[in-house]
Amino acid sequence: MGTAFRHVKHTIRRHPGTEATVGARCLKIDCEWTARDGLTVKECELACLGHSGRTGHRSFQRTFTDMAVVEREP
C-alpha cells in the first residue's frame, strides 16, 4: 500500500488585530543612537526626525516586526 500526498494551498498574512512595530538605528559612523523596538511607524518616524534635527544625521536602518498567521485557502 502506497502513501498519497495531497497539496493544500495556504497563505500567510498579518495576524488580525495586530499592527507592525518598528525600531531604528542611526547609520552615522560612531553614532550609537537607536529608537527602541516596539514603536508604531509614526512614533519611529518622529524619533528619527528628532535625532536628525539634533545631529544632522540623515540615514537610518529601520526594522519592522509583525505577527503573522498561516491560513488554509478555501
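About the thresholds
- Residues numbered from 1 in each chain as written.
- Predicted model: local features only at pLDDT ≥ 70, side-chain atom pairs only at ≥ 80, totals over all residues.
- Heavy atoms only, no water.
- Salt bridge = Lys/Arg side-chain N within 4 Å of Asp/Glu carboxyl O.
- Helix = DSSP H or I, 4+ residues; strand = E, 2+ residues; numbered from the N terminus.
- Buried < 20%, exposed > 50% of the residue type's maximum accessible area, 1.4 Å probe, protein only.
- Pairing = 2+ DSSP bridges.
- Polar contact = N/O pair within 3.5 Å; in protein donor to acceptor, adjacent residues only side chain to side chain.
- Contact = heavy atoms within 4.5 Å.
- Core = buried A, V, L, I, M, F, W, Y, C linked by side-chain atoms within 4.5 Å.

### Considering the pattern of salt bridges
Here comes step 1: One pass over the full model with this rule turns up two salt bridges.
Here comes step 2: Among the ionic pairs, Glu71 bridges to Arg13, the shortest N-O distance being 2.8 Å. Taken together, the residues span a long stretch of sequence, with Glu71 in strand β5 (residues 68-72) and Arg13 in strand β1 (residues 10-14) at a distance of 58 residues.
Here comes step 3: For Glu71, a relative accessible area of 31% translates into the label partly exposed.

### Notes on the pairing of strand β2 (residues 21-26)
Here comes step 1: Inspection of the sheet shows β2 paired to strand β4 (residues 60-65) by six bridges, in the antiparallel sense. Residue pairing for β4: Arg25 is matched across the bridge by Gln61.
Here comes step 2: Pairing analysis gives three bridges linking β2 to strand β3 (residues 34-39), with the strands arranged antiparallel. Bridging across to β3, Val22 finds its partner in Leu39.

### Here we look at the side chain of His57
Here comes step 1: Tracing the chain through its elements places His57 in the loop between α1 (41-55) and β4.
Here comes step 2: Engagement of the side chain of His57 in a polar contact is seen with the side chain of His51, the distance being 3.2 Å.
Here comes step 3: Filtering out sequence-adjacent residues up to four positions away, His57 remains in contact with Cys26, Lys28, Cys31, His51 and Ser52.

### Some thoughts on unusual backbone geometry
Here comes step 1: Notably, Asp30 is not glycine yet its phi reads approximately 75°, a positive angle.
Here comes step 2: Relative to the helices and strands, Asp30 resides in the loop between β2 and β3.
Here comes step 3: Taking relative accessible area as the criterion, Asp30 reaches 77% and is therefore assigned exposed.

### Observations regarding the nonpolar core
Here comes step 1: Of all hydrophobic cores here, the largest spans nine residues; its members are Val22, Ala24, Cys26, Cys31, Trp33, Ala35, Leu39, Cys44 and Cys48.
Here comes step 2: Where this core is concerned, the elements lending two or more residues are β2, β3 and α1.
Here comes step 3: With three residues, the single largest contributor to this core is β2.
Here comes step 4: In contact with Leu39, not counting residues within four places along its chain, are Ala20, Thr21, Val22 and Cys44.

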